[in-house]
Amino acid sequence: MRDIAVFSGSAHPELAEEVCAHLGVPLSPTRVSRFANDCLEVQLQANCRERDVFLIQPLVRPVQEHLVELLLMCDAARGASAGRITVVMPHYSYARSDKKDAPRISLGGRLVADLLVAAGASRVLAMTLHAPQVHGFFSVPVDHLHALRELAAHFRRYDLSRTTVVSPDLGNAKEAAAFARLIGAQVAAGAKQRYPDDRVTISSVIGEVAGRDVIVLDDEIAKGSTVVELLERIRELGPPRSIRIACTHGLFAAGALKRLSEQPDVLEIVCTNTVPVPAEEHTDKLRILSIAPALAEAVRRIHNGESVSALFDEPRNL
């Protein structure tokens, strides 16, 4: 893969190094500096001319810093005559800003997509967007991967004969149903309502959960308030045999991981490494799965002009 160049921003260099290890290519160095007026400057310290350039950067806290860094990386690659620039964005945090549910509200998901394209991105590789329609915000091709196979491979180690996968809301129920099919489980969903002050209520759970092994599945967990509310509704229906929590993006803001780990009947919290989880926040119940092999295979297929959709149709050796 001589004509490929992979660079990482400062958001998650460990993931970029792991992706490069699976690809068998070096991670090219990036220099990020700050001027006295607080402006950022980025230098890609490897040849980009006519090469297939991949920029790996999830949008995690501080999101705005990492976004500007990514935009500058795109601009630097374009200015260096890159043949093609693919933004590998394992977590697109602005995907949550995808609709006008209040007057005079901004649509950050669409705006940031436009900014990335304007900065030079010619392709985007993303993982588990908050909603499928965000795919359409980009005016360049988007390869949208998911982590369901990685999560399914983990949970297949258990007895799943009495398992129900529970989605916190109906919007995520389709993904929960797909995951349930992968592991041969039943599916249920919560009826969730979110209020303007970010309060969440779940009035009921649709499906069978009492006396069963429950896996709560969401695309991301930030403050964890939705999951805590869902667990209360599940317990009201009758004590489950066991509870495990799974998500793709483990953001775990505002002490969410500690709060979820303190739930006595929660046996395990599973996420992937699309975003970094600080080591000091890890608990005995946390399991982090790597999506680097999936990203590396997608990068290889994009570079070679092969089908990326085949990643969903063919089982991978995990």
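Analysis parameters
Residues numbered from 1 in each chain as written. Predicted model: local features only at pLDDT ≥ 70, side-chain atom pairs only at ≥ 80, totals over all residues. Heavy atoms only, no water. UniProt positions renumbered as here; feature names shortened; annotations may be inferred. Salt bridge = Lys/Arg side-chain N within 4 Å of Asp/Glu carboxyl O. Helix = DSSP H or I, 4+ residues; strand = E, 2+ residues; numbered from the N terminus. Buried < 20%, exposed > 50% of the residue type's maximum accessible area, 1.4 Å probe, protein only. Pairing = 2+ DSSP bridges. Axes fitted to C-alpha atoms, helices over the stretch in contact; angles between N-to-C directions.

- The chain carries the name ribose-phosphate diphosphokinase in an unreviewed UniProt entry, which gives Streptomyces sp. 900105755 as its organism.
- Recorded in UniProt under Catalytic activity (unreviewed entry), the annotation for the chain is "D-ribose 5-phosphate + ATP = 5-phospho-alpha-D-ribose 1-diphosphate + AMP + H(+)".

**Side note on the pattern of salt bridges**
- Per the stated rule, a full pass over the model turns up 20 salt bridges.
- Among the ionic pairs, arginine 287 bridges to glutamate 268, the shortest N-O distance being 3.6 Å. Placement of arginine 287 in strand 15 (residues 286–289) and of glutamate 268 in strand 14 (residues 266–272) is noted, with a sequence separation of 19 residues between them.
- Looking at glutamate 268, the relative accessible area reads 2%, which means it is buried.

**Brief notes about the sheet that holds strand 15**
- Strand order in the open sheet made by the seven strands is 11-10-9-12-13-14-15, with mixed pairing throughout. Of all strands in the sheet, those bounded by a partner on one side alone are strand 11 (200–206) and strand 15. Direction aside, neighbouring strands of the sheet carry axes that sit 25° apart on average.
- Here strand 9 (residues 163–167) pairs with strand 12 (residues 213–221) via four bridges, running parallel. Following the sheet pairing, valine 166 is matched in strand 12 by valine 216.

**Details of the UniProt feature "domain: Ribose-phosphate pyrophosphokinase N-terminal" (unreviewed entry) in the chain**
- Those places that UniProt annotates as "domain: Ribose-phosphate pyrophosphokinase N-terminal" (unreviewed entry) correspond, in this numbering, to residues 5–120.
- Within the segment residues 5–120, helix and strand shares are 34% and 23% respectively, and the terminal C-alpha atoms sit 16 Å apart.

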